[in-house]
Amino acid sequence: MPQSSPTVFLRGFQISAVSRDIHTAARFNGAGAATVGVAGSSAGIRTVFSSLIIGYARNPSLKQQLFSYAILGFALSEATGLFGLMVAIFILFSM
C-alpha cells in the first residue's frame, strides 16, 4: 500500500459571542475615552478667545499681535481635538 501524506486540518480563529461582545464594548469604551480630547479642545478654544478679549480690553494698541497669537492658539487647540476624534474613529473602525 502506498504511503499517503499526512492530512493537515486548518482551523480558523473562532471567537465566542461573549468574547465578541466584550471586544465590542471595549472598543466603544476606548473610543469614548478618546473623544474626551474634543471636550478639552473646546475648553482650550474658549480660554484662547477669552484671553484675547481681556488682552484687547487692557491694551487696544496690541490688537494685531494679540489676534495672531489667538489664531495660533485656536489652530493648536483645534488640532488637538481633531487628533482625539481621529483616534476615536480609528478605534471604532479598525478590525
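Just so we're clear, the structure is a prediction, and the values are computed from it rather than from any experiment. (Residues numbered from 1 in each chain as written. Predicted model: local features only at pLDDT ≥ 70, side-chain atom pairs only at ≥ 80, totals over all residues. Heavy atoms only, no water.)

Examining the overall build of the protein chain
Here is step 1: What the protein chain contains, in helices and strands, is three helices and zero strands.
Here is step 2: Its helices and strands in sequence order give the protein chain the pattern α-α-α, from N to C terminus.
Here is step 3: By residue count, 14% of the 95 residues in the protein chain fall in the buried class.
Here is step 4: Sequence separation of 24 or more characterises 76% of the internal contacts of the protein chain that already satisfy a separation of 6 or more. (Helix = DSSP H or I, 4+ residues; strand = E, 2+ residues; numbered from the N terminus. Buried < 20%, exposed > 50% of the residue type's maximum accessible area, 1.4 Å probe, protein only. Contact = heavy atoms within 4.5 Å.)

Comments concerning the environment of Gly 40
Here is step 1: With respect to the helices and strands, the residue Gly 40 is situated in helix α2 (residues 36-58).
Here is step 2: Its relative accessible area of 44% is what places Gly 40 among the partly exposed residues.

Some points on the UniProt feature "transmembrane region" (unreviewed entry) in the protein chain
Here is step 1: In the numbering used here, UniProt assigns the "transmembrane region" (unreviewed entry) feature to residues 66-93.
Here is step 2: Secondary structure within residues 66-93 divides into 100% helix and 0% strand; the distance between the first and last C-alpha atoms comes to 41 Å. (UniProt positions renumbered as here; feature names shortened; annotations may be inferred.)

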